[in-house]
Every structure is written in structure tokens, then in C-alpha cells.
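# Analysis of the macromolecular model
This is what each chain is made of:
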Amino acid sequence: LLSIGTFGFRGEALASISHVAHVTVTTMTSNDSCASIAHYSEGKLQGDGVRPCAGTRGTTLMVENMFYNNPTRRQALGKESIEHSKVLEVVQRYAIHYPHVAFACRKFSGSNSSAFELSTTGGQLNSRDVIGTIWGQNLANELFPFEVKSEEPPFSCRGFASNPNHSARSSTLILFINNRLVDCAPLKRAVEAVYQPVLPRHQHPWVYLALDVDPATIDVNVHPTKMEVQFLHEEIISQRIQETLSSQLRTMGGSRSFSCILPSLPSLPSTGKASAFIDTSQDAGPPGLPGPTSQATPQRAERAERAERAERAEREDKSAPEDKATTKAAKAAAKPTQIRTDHTQMSLESIFRESQVQASQGSQAFQDMEPAPIQDAPLGAASKQSNGHIDLDGDEADGNATKAMNAERSEPSAERLAVFEEAQQLTSIEELRSAVNLASDENLSKLLNQSVYVGPVNRELILLQCGASLCLANLAIMARECAYQRLLRLIGGIGCITLVEPLPLKDLVQLGLRDPESGYDKLPGSDIRALEDRFVSLLLQKADLLKEYFMLEIEIKEDQEDHMDHKDHGKALQSVQRHGRLKTVPNALGLTSDVGCSFDGLPLFMLRLCTEINWNDEKTCLDGICQLAAEFCADLLLPDESLNATDAVNAAVAAGEFEDVATAAAKRPRTSQELQSLRWLHEAIRKDGMCKWPRSFAKDGTLLDLVSLDQLYKIFERC
């Protein structure tokens, strides 16, 4: 009983049946010259015992007059059709699991017998062939195979599952554990959960699953009929199966087939101008849907006129090579990336993003002013401009931000280029970059770098369109990862943000110590002053490293102070006091404007440089500074915590101000900062375009796949 590996559990089934029915056993082995037959009744061998008879190799069991000696139990049986369907279901499922064995099932009615209800030939058949024989080829064609293997915990799993094209009113899970047909409720719920975002409501999949685990890990005594079992590591095994099915279902969107019946549209008089520019490729609907077949509609005429204007502009551009980038951007704008039923509708990109033409011009200007050795961002790109810098205070922020975006960039000095080249050759930086590459996922990186901003959810979460999927993303974690990789990629040449007025280093450290998040705010005044002097001295000591590698510049001034030496009869002495002022901070995200930036976290950032960095080990030191700088730069554009829309809506509903969340969200006033800063932060990530996103983002909840947009068309079709 500790390690069951057979069809039965205690070998009692056949003996129990012989007590309530007439059982005839005929058997013959390959070495026997004839078969043997025996009759059992009341659990005892009848007649002369075992006697020889004619027969074929194998064993035949015949059970007749079930419960003939137990009228009460016989009355509890269902109708013959019900009992027969249960028998047929068991035979069908074992036929799938053992396709090489021939199975046959038919129902006898008196002396006549009906045709075979189940008949498989065995031999070279596989499970898909048997499924096609029993359930039909329509189902067999919609199945895909899957396989899972694991060493910890040790198990293997194989089977067939239906793709999104197939659905049924009832769920079918054929589960074999160690070659025995059983039920497992947690595993069934796990499989159903995978198909919930894929199938329409109240529709279910068809799954055959054969699981092999260590027999010692199975508990068979959890149900009177032994049909349900439990086993160790149920959650882990269910999760591995879920991941395998989910990954394969994501690739099934391209195999979806839909039928679309478009209404007849009134024809318009076709002019030469319109018919000359009708392009059926532009009129095609979403992938998998046939496009309209009418030859002239108001939309087509409008698109024809736009096409004519585009062609005329293209001819004019041939005589103006300097506007080639603008032309390419205009062509790109005519090809929408969103999935819509009519591409003439306004897209999210046209509402929330800058125009493609402006982006192309800005990108071209950026490349023209880019120094050759530094391909990602110019030195001091987003901070120090030719004749001005970004104002971080007052009402001049918008004007200076615009000036900063449009001002020409100064060429980096030879000294700065030399520092950049030296930093790029550091062994510790190469090791950190290699670690990032090993943890990255190419497909995920491509999707996120080309993602489209949809809208905010709360202070950190946003909705993104990644390819054909709508995803929920933690923008704060993504921004920190992007800034961290950018610092590793451009160390020694990262851009900086120049403060309008240098800030006293001692004041910054003091504010950081008094911040409740630092943990030092409860210390006495004397201890805080001692820590101030200690931390300021450390930052002044490391000022050269911070400036060269991270563009964090600390201006150092020395003042001479006179004081009396009481030990030497009041002789006057002079001492040199060093003071530091912060002039620049790193621009790890390559921002080109200070609009929406909040520098409230600057004091705590400077304090963490003193308390959380191991300055004795090169690799640990550089990695720690990159992590802190990335977190600081990401927090620059994150909305204030007081603007958390989700908490405000939930609080209003809990207070009874609104009946439900939908009403509260609709009537709640919104601020522009709540929307704009998140959009700008995503735009900074998207424009970088070189981030290699770790595969862990798809598993730890940083990026959640909510729904596949192309799969929604099936729901639209049903509606």
C-alpha cells in the first residue's frame, strides 16, 4: 500500500465481484496446450473446479447477474443506459491511454446485439488517432501535444489539450496518474484557470493528461471508490503544468479562424481619382478577418484622397533630401499599430504621444549631435546646455524645460571621452553587463521595447499593449531596471541634470538624516551632527569617483578659519575647512525635460550613498551606486503617493460616498500630473530601446498578461 503501481489497490475487486455475481474465467498462456475455465458463485469455485476447454491465448472474464443475491443493491442501480454509458466512458478513456491495445465495447439486448459502440484496432495507433476515432476528427484537429518534465520534484507529464478554437459546455479532463484513471480536483482547477482568459464565458476545454510520479508520494485512500487521489507537491506540479499550457496557448492566436459577414454598403460613383488609389491592403481588417469587398465607400474615398496627397508630398520630397526623415515618419503614421476594426479611428498614439514627425526630427537631431564614441546618450545631454540649464524651482520650469529640449548640445571634452573609454573597460562593469545578458529574455525585451502606453492604474501600475496582448506592468520596477542597465552601458558618459543653484552638501545630508525613512530621525541632536560631519567627509572623499563615473559633481571649497590655541598662551592658529556643494545629479533615463520631476528624494539619495555602499570592493561599489542612482532617477517622474487614485476611490466607497467603485472612479476629479508623469516615464523607457528585460518579469508579477486582443474577436463575433 505504500507504493501502489498496479491498476488495483488491494487485489480485492475481482474477489468482491465473485460474491455478488456469477463470474466465469477463461485463461490460456502461450505455454499451455489448451485453455482453462472456472466458474465462481458466492465467492466459491463451482462444479469440478478448473477444467480444460478450447480457447485462445489471453484471459476472458464474464460477469453475469450482478447483485442477484442482493436485491437492495440491485435496485440502487440506474437504468441500463446510464450504467452502460458509465462503462463505455471508462473503456474510452483507457483506450486513449493505451492506444496500442485494441478495445471494443457493445451493448447486448437479449439475444441480439447492437453494433460496436467502440472499436479500436491497436497496433501502431497513437493517442490522437484514438481520440479521433472516439470523439471525432474535428476535436483531434484542434488538439496540441504538450510535455513537462522535472527533476525537483521528480515527475513527468504528457498529453493533449484543446486550442482556443475548441470549446464545450462541460469540461473534460482525462487524468491518468501512474497509468490509473483517477480524479484530482486541484489539478482540474489549475487546468481550468489556464483557459479562463482564452475561452468565452461558460466554455471549457478538453484535456488528456498522463502524469507519472513516485508511487510512494500518492495517497490513494482519500475516497471510498478510490477514484480521487492526492499526492505530494500538488501545487508545484500544477504550476509547472499551468506554465507549459499557458506558454503554448499564447502562440495559438495565429491559428484562430473566424467567419465575418459584413453588411452591404451603398456604392458611390467611382471617380478616376478614387479608384486609382484604392488599396485593398489598407482596407484589410485585423489578422484573420476578411476585409470588405465593396469597391467604393466614403471611407475609401477619403483614404484615396489622403493617398493622393501623400504621393504628391512624396514627389516633392524627392527634390528635398533634407526632409526624408519627415516623409518616412508620415508613411509610418499611416500604418497604425493598434488592432482596430477601422484604422481611420483615432488611436491612443495620436492622443497621448507626440507626433511621429516630431519624434523623427528629434531623433535625427539627436543622432546628428551624438559624439561618436558614445552612441546611447551625449555627455551631459539632458542637463547642461549651451547657454543655460534646467530650472528646478519656480515658475520658469516650463520655459527652461523647453529651452533644454531644443538647445544644441555641446561636444564633450577630450578628458571626458578618455574617462568614458576607461570606464567601459572595467572588468567589474563587464561582469555586471554579462549578468544582465544572462538573465534577459529576447522575446520579452522586444515586446516591452516596442510597447504602447494605454493608461495608468495607480501610482506604479500602468496598462501596456505588448504586441497583441494587453498587459498590466509595474512601471516603477521597469524604470529602475532600465535606468540601471543604462548606467552600466554608459558609465563614465551618462548624462547629467545641472541644478540652477548648487545645494550645500551638509544641508542635504541633514535633511536626509531627519527623513523618517532614513531611521536616523530619532537620534539626539549631537549624534546627528556627528553623522553629518562623517557623511559629508565621506562624500567629499569620493567626489572624484562620483563625478568621473556617474556625473554626480560635488563642488569643493576650502575656507580658512582663525581660532586661538589656549595651550600655547592664546597664539592665533589657522585651519582649513572643506565644504561641498552638489552641482549635478545623474540623468540615468536620458530625460530631456524637467517637467513633472520631483527632487524630494534627493536628500535621502545622498544619505544612502553614505550608508548603503561598500566602498572597499570595486564591483559591489559600482553595482550599488548604479542601483541607488537608478532608483532615484525613476522616482523623479513617479507621481506623489498622495495622488494614488486606487486608494482614493476605495476610501470614497468605504466611506459611503458612492455606491460602487465604477461610480466613484467616474466622478473623481483627475489631475494632469497623475496621467502625464507616468506617460513620460514610459516614453523615456521606450525611447531607450536597448534595455534587455529579465525573464523574471514574466513570473514575479512585474508584467501580467491580461488578455490577448486577437482572441477577443471570437467574443465580438458571438456578440
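This structure is a prediction, so every number in the text was calculated from the model and none was measured.

Before going further, it helps to spend a moment on the sheet that holds strand 14 (residues 206-213). If you trace the 5 strands from one edge of the open sheet to the other, you get 10-11-14-12-13, paired in mixed fashion. A single partner strand is all that each edge strand has here, and the edge strands are strand 10 (143-151) and strand 13 (180-182). Recorded for the sheet is a direction-independent mean angle of 20° between the axes of neighbouring strands. In terms of strand pairing, strand 12 (residues 172-177) meets strand 14 through 6 bridges, oriented parallel. Considered in strand 14, the bridge of Thr-172 is made with Trp-206. Running at roughly 135° to strand 14, helix 6 (residues 185-195) makes contact with strand 10, strand 11 (154-162), strand 12 and strand 14 of the sheet. Where helix 7 (residues 234-250) meets the sheet, it contacts strand 10, strand 11 and strand 14, and its direction lies at approximately 140° from that of strand 10.

With that out of the way, let us pick up the packing of aromatic side chains. Scanning all chains against the criterion turns up 7 aromatic pairs. Taking 6.4 Å as the distance between ring centres and 75° as the angle between the ring planes, the aromatic pair formed by Phe-176 and Tyr-208 counts as edge-to-face. You can see Phe-176 sitting in strand 12 and its partner Tyr-208 sitting in strand 14, a full 32 residues away along the chain. Owing to a relative accessible area of 0%, Phe-176 belongs among the buried residues under this scheme. Take Tyr-208: its relative accessible area is 0%, and that puts it in the buried class.

Let us now look at the environment of Gln-230. Here Gln-230 shows up in strand 16 (residues 230-231). Since its relative accessible area comes to 44%, Gln-230 is described here as partly exposed. Put simply, Gln-230 and Thr-217 are 13 residues apart on the chain and 8.5 Å apart in space, counted from C-alpha to C-alpha. Contact partners of Gln-230, with chain neighbours within four places excluded, come to Thr-217, Ile-218, Asp-219 and Val-222.

On to the side chain of His-166, then. Summarising the element assignment, His-166 is placed in the loop between strand 11 and strand 12. Residue His-166 is classed as buried on the basis of its relative accessible area of 18%. Look past the residues within four positions of His-166 in its chain and what remains in contact with it is Leu-139, Glu-142, Leu-199 and Trp-206.

Now for the pattern of salt bridges. What the rule picks out here adds up to 16 salt bridges. A salt bridge links Glu-431 to Lys-619; the nearest nitrogen and oxygen atoms lie 3.3 Å apart. Here Glu-431 is found in helix 16 (residues 427-439), whereas its partner Lys-619 is found in helix 23 (residues 618-635), with 188 residues between them in sequence. Its relative accessible area of 34% is what places Lys-619 among the partly exposed residues. A salt bridge links Arg-486 to Asp-688; the nearest nitrogen and oxygen atoms lie 3.3 Å apart. One end of the pair, Arg-486, is in helix 18 (residues 475-489); the other, Asp-688, is in helix 26 (residues 672-688), and 202 residues separate them in sequence.

Across 5 bridges, the pairing between strand 1 (residues 22-28) and strand 2 (residues 35-41) is antiparallel. By the bridge assignment for strand 2, Val-23 is matched with Tyr-40. Taken together, strand 1 and the strand that follows it, strand 2, pair antiparallel across an intervening segment of 6 residues. In the sheet, strand 2 pairs with strand 4 (residues 51-53) via 3 bridges, with the strands oriented antiparallel. Residue Ile-37 lies in a different strand from strand 4, and its bridge partner there is Arg-51. Alignment of strand 2 against strand 3 (residues 44-45), held across 2 bridges, turns out to be antiparallel. Counted as the bridge partner of Ser-41 is Lys-44 from strand 3. In sequence, strand 2 turns back onto strand 3 through a hairpin of 2 residues, with Glu-42 there showing a positive phi of about 55°.

What follows concerns the state of the cysteines. Disulfides are covalent bonds that link the sulfur atoms of two cysteine residues. Evaluation of the coordinates by the stated rule reveals 0 disulfides. Looking at the unpaired Cys-53, the closest cysteine sulfur is the one in Cys-34, lying at 7.3 Å.

Read across the sheet, 4 strands follow the order 17-18-19-23 without closing on themselves; strand pairing throughout is antiparallel. The sheet terminates laterally at strand 17 (452-456) and strand 23 (703-708), the two strands that pair on one side only. In this sheet, neighbouring strand axes are inclined to one another by 30° on average, regardless of whether the strands run parallel or antiparallel. Relative to strand 23, strand 19 (residues 469-474) is paired through 5 bridges, and the arrangement is antiparallel. Its bridge partner being in strand 23, Leu-470 is matched across the sheet by Val-707.

So, on to the environment of Phe-103. Considering the arrangement of structural elements, one finds Phe-103 in the loop between helix 3 (80-97) and strand 6 (104-105). Distance in space between the C-alpha atoms of Phe-103 and Gly-122 is 7.5 Å, their sequence separation being 19 residues. With sequence-adjacent residues up to four places away left out, Phe-103 is seen in contact with Val-91, Tyr-94, Ala-95, Tyr-98, Leu-118, Ser-119 and Thr-120.

Moving on: a negative patch on the surface. On the surface, Glu-415, Glu-422, Asp-544 and Glu-548 cluster together into a patch of negative charge. For the negative patch, the elements supplying multiple residues, two or more each, are helix 15 (414-424) and helix 21 (543-550). Along the polypeptide, Glu-548 turns up in helix 21. With relative accessibility at 35%, the residue Glu-548 sits in the partly exposed group.

Turning our eyes to something else, we now look at the packing of helix 20 (residues 525-541) against helix 22 (residues 602-611). Contact pair helix 20 / helix 22: the axes reach a minimum separation of 10 Å and the direction vectors enclose 80°. As judged from the angle between their axes, helix 20 and helix 22 are roughly perpendicular. Facing Phe-535, Leu-538 and Leu-539 of helix 20, the residues of helix 22 in contact are Met-606, Leu-607, Leu-609, Cys-610 and Thr-611. Grouping the constituent residues of the contact of helix 20 with helix 22 by class yields 7 nonpolar, 1 polar and no charged.

The share of residues in the protein with pLDDT of 70 or more is 68%, and the mean pLDDT across the chain is 75. Here residues 321-409 is a poorly scored stretch, pLDDT under 50, and it has 148 contacts once near neighbours within four places are set aside; other chains count.

Attention now goes to the packing of helix 19 (residues 505-513) against helix 22. Viewed as axis vectors pointing N to C, helix 19 and helix 22 meet at an angle of 95°, and their least axial separation amounts to 7 Å. Here helix 19 is positioned roughly perpendicular relative to helix 22, judged by the angle of their axes. Facing helix 19, whose interface residues are Leu-505, Leu-508, Leu-511, Gly-512 and Leu-513, helix 22 presents Leu-602, Pro-603, Leu-604, Met-606 and Leu-607. A breakdown of the residues in the contact of helix 19 with helix 22 according to their chemical character gives 9 nonpolar, 1 polar and no charged.

Scoring rules and cut-offs
- Per chain, residue numbering runs from 1 following the sequence as it is written.
- Where local features are concerned, this predicted model is filtered to residues with pLDDT of at least 70; where side-chain atom pairs are given and counted, the filter is 80 or more; whole-chain, interface and lining totals use all residues.
- For side-chain calculations, the full set of non-hydrogen atoms in the structure is used, while hydrogens and water are omitted.
- Two strands qualify as a pair provided that DSSP identifies no fewer than 2 bridges between them.
- Only runs of H or I of at least four residues qualify as helices and only runs of E of at least two qualify as strands under DSSP, and these elements are numbered from the N terminus.
- Note on definitions: angles span 0 to 180 degrees between N-to-C directions of axes, and those axes are lines fitted to C-alpha atoms, for helices only across the stretch in contact.
- Contacts are residue-level and defined by heavy atoms, with any inter-residue pair within 4.5 Å sufficient.
- Centre distance within 6.5 Å is the pairing criterion for rings of Phe, Tyr and Trp, where only the six-membered ring of Trp is used; planes under 30 degrees apart are then read as stacked, over 60 as edge-to-face, and the remainder as tilted.
- The cut-offs for exposure are 20% and 50% of the maximum accessible area for each residue type, with area from a 1.4 Å probe on protein chains only; residues under the lower value are buried, those over the upper are exposed, and the others partly exposed.
- Basic side-chain nitrogens of Lys or Arg form a salt bridge, by our definition, when they fall within 4 Å of a carboxyl oxygen of Asp or Glu.
- Criterion for a disulfide: a pair of cysteine sulfur atoms within 2.5 Å.
- What makes a patch is a set of residues exposed beyond 30% relative accessible area and free of salt bridges, joined within 9 Å when like-charged and within 5 Å when nonpolar (Val, Leu, Ile, Met, Phe, Trp, Tyr).
- Using the Shrake-Rupley algorithm and a 1.4 Å probe, accessible areas are obtained, with residue cover drawn only from the displayed protein chains.
- Only four residue types enter the tally: Lys and Arg on the positive side, Asp and Glu on the negative side; His and the chain ends are excluded.
- Charged groups are reduced to one reference atom each: NZ for lysine, CZ for arginine, CG for aspartic acid, CD for glutamic acid.
- These descriptions rest on fixed angle ranges, namely under 35 degrees for roughly parallel, over 145 for roughly antiparallel, 65 to 115 for roughly perpendicular, and the rest for oblique.
- Each residue is assigned to one of three groups, with Ala, Val, Leu, Ile, Met, Phe, Trp, Tyr, Cys and Pro labelled nonpolar, Asp, Glu, Lys and Arg labelled charged, and all others, Gly among them, labelled polar.
- Within a predicted model, pLDDT stands for the predictor's per-residue confidence, ranging from 0 to 100.

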